[in-house]
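These are the residues of each chain, in order.
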Amino acid sequence: ALGRQEVARSIESFCIEHPDVRIELELSDRLLTLANEGFDLAIRHASTAPDNHVAWQLASSRSMLVGSAAYLRRRGTPAQPGDLAQHACLSYLRPGQAFWPFELLATDNGAEPTRVNVAVSGPLRANNSEVLRDAALAGLGLAVLPDFSAGPALRSGKLRELLPGWRPVGAFGEAIWAIRPWSLHTPKAVHALVAHLRTAFAARPSIE
């Protein structure tokens, strides 16, 4: 989903600006061993970058709980994470997603963050955030999505962010990284592409 929605557009403009560079773009959720499989660069949505790689942070990222107006009219709006146990929840297909963890946003009293785990269920699980977004747009349920998938629908008003005092944790990464196997020298083409991607990600419209 990240590759389709964010990276592919940037690659197109990069190819126009750098016609002598040849790119092979593979879109996959599989965690690749870059050096063994011959990749010069990977774009990953993760909270941290691997220590044994060269890494550039392209952008920060956050997850959010969203729902459509039609669904909220039909089922009501959750006021706290525990309410989600009574809602249709559209989960990313991975181990542990029978529970959604939420953390109370920081307050000024210096207390430790409050975290709750909510048991959720729903009519659809999928390993693609675009599928979950489209199901939420169709009113099928509530979804936790990364900002790059939810952003356009939030800006247009087709989806609404819920539980603004809480943040989903552990659902998706907290940053978008460009990484490559460690080496003494980084090819000029890779440096140029990373610079291009950083500029492109910095220019993304805000979802606030």
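Structural data are supplied above this passage.
Residues numbered from 1 in each chain as written. Predicted model: local features only at pLDDT ≥ 70, side-chain atom pairs only at ≥ 80, totals over all residues. Heavy atoms only, no water.

*Asks:* Explanation requested: the layout of surface pockets in the structure shown.
*Replies:* Summary: where empty space remains is shown by rolling a probe the size of a single water molecule over the atoms. Counted as a void, the largest pocket has a volume near 1,400 Å³. Lining the largest pocket are 45 residues, and of these E26, S28, A42, I43 and R44 sit closest to its centre. Of all elements in the fold, only α1 (2-17), β1 (42-46) and α6 (188-202) reach the threshold of two or more residues within the lining of the largest pocket. Each residue belonging to the lining of the largest pocket can be placed in one class, and the counts come to 26 nonpolar, 10 polar and 9 charged. (1 Å grid on protein atoms, 1.4 Å probe; cavity = no way out; pocket = protein on both sides within 12 Å on 5 of 7 lines; lining within 4 Å. Points joined across faces, edges and corners; volume = space filled by probe spheres on them. Helix = DSSP H or I, 4+ residues; strand = E, 2+ residues; numbered from the N terminus. Nonpolar A, V, L, I, M, F, W, Y, C, P; charged D, E, K, R; others polar.)

*Asks:* Teacher, can you tell me more about the packing of aromatic side chains here?
*Replies:* The relation between two aromatic rings is expressed through the spacing of the ring centres and the mutual angle of the planes. This model, assessed by the stated rule, comprises 1 aromatic pair. Relative to F172, the ring of Y92 lies with its centre 5.4 Å away and its plane at 85°, an arrangement referred to as edge-to-face. Of this pair, Y92 sits in strand β4 (residues 89-92) while F172 is found in the loop between β10 (166-168) and β11 (175-181), placing the two residues 80 residues apart along the sequence. On the basis of relative accessibility, which here comes to 15%, the residue Y92 falls in the buried class. Relative accessible area serves as the criterion here: at 13%, F172 is assigned to the buried category. The ring of F172 carries the charged tip of R94 above its face, separated from the ring centre by 5.4 Å. (Phe/Tyr/Trp six-rings, centres within 6.5 Å; stacked < 30°, edge-to-face > 60°. Buried < 20%, exposed > 50% of the residue type's maximum accessible area, 1.4 Å probe, protein only. Lys NZ or Arg CZ within 6 Å of the ring centre and 35° of its normal.)

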